[in-house]
Amino acid sequence: MAGLVPEGSRLDGRQYDDKLNELFDGQDFFKSYDEACESFDDMGLKENLLRGIYAYGLIKPFPIQQKGIIPFCKGLDVIEQALSGTGKTTTLCCGVLQQIEYDIKECQGLVLAPTRELAQQIEEVMREVGDYLGVKAYACVGEDQPILSSGVHVVVGTPGHVLDLLRRHSLRLDYLKMFVLDEADDMLSKGFKDQIYDIFQLLPKNIQVGLFSATMSTEALEMARKFMNNPVGVLDTLEGVNQFYVHVDKEEWKLETLCDFYETLDITGSVIFVNTQRKVDWLSDKMKSGGHTTVSATRKDMDRNTKDMIMREFQSESCRGLITTDDHLLACCDINIDVQQVSLVLNYDLPARPEDYMHRIGRFGRRGGLVINFITKDDEWIISDINKLYDVVIEELPSNIADLFPQKEKNVANLL
């Protein structure tokens, strides 16, 4: 199947540094970390941590784990970017668990996440992977004082709640060694950055900082400069995500092409990107009026009840697709979409900036998943820049697309 960089093609150290800095818009305050281990056994981890890793079901480390666990365990500040669903959470958990002194029942690791749901997920992974170590991990989501007073090794929470605990002296950080941000891009470039800054002012000096995210913006990295010390960067590329384009001669023909996909293929769990809210509404109306009533539109200002309804529909597969924009990406993430449910990312409109491509694919692309880009003549330069920026080869969608989806009765060849 056509896809990405040919097997065996890798960047050397200098090229990798250049690519990281190019990808992160010229940032130059970190260097790449090149050491990699293809086995958990070779990482120098504690025996009981290894037992927990294997008991959790991990056998061979994902690429982000091969490169990302070791520098974190060495106490280095790290900036780690990888696609959703490729092992970021277990990477950060392993890094924290390796460095905890378990005979000291004090908070030594503080992990921040943008939502309570994600904080609870991190706590669950921390507990399961650290089961044989006897880790005491706790997600602060309610009446926290009794549990915090009893002693915990790792605290996970949202910025606002953790900041409140610190100001009330309910959370003591005398023994803190590690400060970690999950979904760091959202945390540092959205509404959390003031709270993050205030929390950092209350942390001990010489704290180790880890940033983990599916995407990383220039704004987030500029914020990171203020509290990171000689960080190393670990970038897991788009390798393993099947990416193609469909050339559409006229903009107005995109709708017909999209509807053909939905009529011909058994598509479930798709995310469809356009570039404006007006187009979100227009495309949703057009698809529904054409009989595709199982496609929903997302908005940044959706209320919680609407988000929950969309999530339930998506989980039950009664919603076959979500139409959204880059600006409303956080709204999609806030409803906690399981990346494994997303079988297709479809760029109805290519992003206006090539670097925003990662913001879409990084959130919902997954290894073995499918990305389809609709392009017109005017879009060809964007595809070219994306290929160059991410070292990928996005090729034309092959005629055997039926092999990628379960086929319905209609002839798939009519699509192309």
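Residues numbered from 1 in each chain as written. Predicted model: local features only at pLDDT ≥ 70, side-chain atom pairs only at ≥ 80, totals over all residues. Heavy atoms only, no water.

### Some points on the UniProt feature "domain: DEAD-box RNA helicase Q" (unreviewed entry) in the protein chain
With numbering matched to this structure, UniProt assigns "domain: DEAD-box RNA helicase Q" (unreviewed entry) to residues 38-66. Within residues 38-66, the helical portion is 45% and the strand portion 0%, while the C-alpha atoms at the span's ends are 6 Å from each other. (UniProt positions renumbered as here; feature names shortened; annotations may be inferred. Helix = DSSP H or I, 4+ residues; strand = E, 2+ residues; numbered from the N terminus.)

### With respect to the pairing of strand β7 (residues 208-213)
Among the six residues that make up β7, six are buried, leaving the element largely enclosed by the rest of the structure. A two-sided burial pattern is seen for β7, the buried positions comprising Q208, G210 and F212 on one face and V209, L211 and S213 on the other. Where strand β2 (residues 78-81) meets β7, four bridges bridge the pair, whose relative direction is parallel. Residue I79 lies in a different strand from β7, and its bridge partner there is L211. Relative to β7, strand β6 (residues 178-182) runs parallel, the two sharing five bridges. Following the sheet pairing, V180 is matched in β7 by G210. (Buried < 20%, exposed > 50% of the residue type's maximum accessible area, 1.4 Å probe, protein only. Pairing = 2+ DSSP bridges.)

### Here's the deal with the packing of aromatic side chains
Following the criterion strictly, the structure yields six aromatic pairs and no others. On the basis of an interplanar angle of 40° and a centroid distance of 4.9 Å, the ring pair of F200 and F227 is categorised as tilted. A residue pair is termed long-range when its members are at least 10 positions apart, and F200 in helix α9 (residues 193-201) and F227 in the loop between α10 (218-224) and β8 (232-235) qualify at 27 residues. Overall, the relative accessible area of 7% leaves F227 in the buried class. (Phe/Tyr/Trp six-rings, centres within 6.5 Å; stacked < 30°, edge-to-face > 60°.)

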